[in-house]
Amino acid sequence: MLPKLSLILGGAASGKSAFAEKLVMAAPQPRFYIATAQTFDDEMRQKVQKHLRQRGPDWRTIEEPLDTAEVLRDLPEDATVLLDCATMWLSNQMLAENDLATEQAKLLDALQACPAHVVVVSNEVGLDVVPENALARRFRDAQGALNQAIAQQSDLAVLVVAGLPMVLKGELP
């Protein structure tokens, strides 16, 4: 059985999303995919369409780049949800110049209160070099804090490296 809240971390192209999808696919339906990415160009639109085709018709996709907390609160109890990803959500909040502490608190509260089982995908940005500019350092620090807060609440935390899962907390179902 999938834990109530799971966090799947990894670097870019590490296999974290594919691993998270496998976890959700093994759980009972209905399956929801909360997409936080925004499609600003053709390349991103094509990537989104590819992922929609790969997931297939058994998933209900909800595109919500900013107010993810509200979506989480309204999900059915018998659902399994993939939130992909917290990194894009954070980027969206920063670009919208929202108060990060307030938005993070809303997201954490919603994850805790969500009646469904939730799997959150997020980038691990702490293994890289120190960014050269203030905005990138602010993002890195905010992402690290968000990941730590979600991990604290999670029943399962997994780091995916080269497609291989390493359990940090809890046990794989």
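Thresholds, definitions, all that
- Residues numbered from 1 in each chain as written.
- Predicted model: local features only at pLDDT ≥ 70, side-chain atom pairs only at ≥ 80, totals over all residues.
- Heavy atoms only, no water.
- Helix = DSSP H or I, 4+ residues; strand = E, 2+ residues; numbered from the N terminus.
- Rg over C-alpha atoms; globule rule 2.2 N^0.38 Å.
- Contact = heavy atoms within 4.5 Å.
- Phe/Tyr/Trp six-rings, centres within 6.5 Å; stacked < 30°, edge-to-face > 60°.
- Buried < 20%, exposed > 50% of the residue type's maximum accessible area, 1.4 Å probe, protein only.
- Lys NZ or Arg CZ within 6 Å of the ring centre and 35° of its normal.
- Core = buried A, V, L, I, M, F, W, Y, C linked by side-chain atoms within 4.5 Å.
- 1 Å grid on protein atoms, 1.4 Å probe; cavity = no way out; pocket = protein on both sides within 12 Å on 5 of 7 lines; lining within 4 Å.
- Points joined across faces, edges and corners; volume = space filled by probe spheres on them.
- Nonpolar A, V, L, I, M, F, W, Y, C, P; charged D, E, K, R; others polar.
- Expected span 1.5 Å × (residues − 1).
- Arc of directions from axis to C-beta.

What am I meant to see in the overall build of the chain here?
The helix and strand tally for the chain stands at six helices and seven strands. Counting from the amino terminus, the chain carries its helices and strands in the arrangement β-α-β-α-β-α-β-α-α-β-α-β-β. Taken over C-alpha atoms, the radius of gyration comes to 15 Å for the chain, in line with the 16 Å a tight globule of 173 residues would show. With the C-alpha coordinates aligned to their principal axes, the bounding extent of the chain is approximately 45 × 35 × 35 Å. Here the analysis covers contacts within the chain between residues at least 6 apart in sequence; of these, 77% occur between residues at least 24 apart.

How do you make sense of the packing of aromatic side chains when you look at a structure like this?
Any aromatic ring pair is given by two values, namely how distant the centres are and how the planes are angled relative to each other. Under the defined criterion, the tally for this structure stands at one aromatic pair. Here the aromatic rings of Y33 and W59 are separated by 6.2 Å at their centres, their planes lie at 75 degrees, and the arrangement is edge-to-face. With a gap of 26 residues between them, Y33 in strand β2 (residues 31–35) and W59 in strand β3 (residues 59–63) connect regions that are remote in the sequence. Judged by its relative accessible area of 7%, Y33 is buried. Above the face of the Y33 ring, R55 is positioned so that its terminal group lies 3.5 Å from the ring centre.

In this structure, what is going on with the nonpolar core? I would like to understand it.
Judged by nonpolar contacts, the single largest core of 32 residues is most densely connected at L72, L75, L90, L111, V118, V120 and I150. Ignoring anything within four residues of it in the chain, the contact list for V118 reads K4, L5, S6, L72, V81 and L111. By size, the runner-up hydrophobic cluster in this structure holds 17 residues, among which are I8, A35, L82 and V121.

Would you take a moment to explain the layout of surface pockets for this structure?
By rolling a water-sized probe across the atoms, one finds the places where empty space is left. For the largest pocket, the calculated volume is near 780 Å³. Lining the largest pocket are 32 residues; nearest its centre among them are S17, Y33, K47, H51 and D84. When residues of the lining of the largest pocket are traced back to their parent elements, those giving at least two are α1 (16–25), β2, α2 (42–55), β3 and α4 (86–95). Per-element accounting of the lining of the largest pocket gives the leading share, seven residues, to α2. Residues belonging to the lining of the largest pocket are distributed by class as follows: 13 nonpolar, twelve polar and seven charged.

Which parts of the structure should I look at to understand helix α6 (residues 134–153)?
Along an α-helix, residues three or four apart share an orientation, since each turn contains 3.6 residues. With 20 residues, α6 ought to run about 28 Å at 1.5 Å a step, and its terminal C-alpha atoms sit 29 Å apart, in line with that. Along α6, the residues that are buried comprise F139, A142, Q143, L146, N147, A149 and I150. Taken end-on, α6 shows its buried residues confined to a sector of 165 degrees, consistent with a single buried face. In α6, those exposed residues whose orientation departs by more than 90 degrees from the buried face are A134, Q148 and Q152. Buried residues belonging to α6 abut β1 (5–10), α4, α5 (100–113) and β5 (117–123).

Just to check I follow, could you spell out unusual backbone geometry for this structure?
Phi is mostly negative for residues that are not glycine, and the peptide bonds are mostly trans. Of the consecutive residues Q29 and P30, the connecting peptide bond is found in the cis state with omega at 5 degrees. Tracing the backbone through its elements, the reader meets P30 in the loop between α1 and β2. A cis amide bond links D84 with the next residue in sequence, C85, at an omega value of 5 degrees. Positionally, C85 belongs in the loop between β4 (80–84) and α4. Positive phi is not limited to glycine here, since A13 has a value of about 60 degrees. Tracing the backbone shows A13 in the loop between β1 and α1. For A162, which is not a glycine, the phi torsion comes out positive at approximately 55 degrees. With respect to the helices, strands and loops of the structure, A162 is situated in the loop between β6 (156–161) and β7 (164–169).

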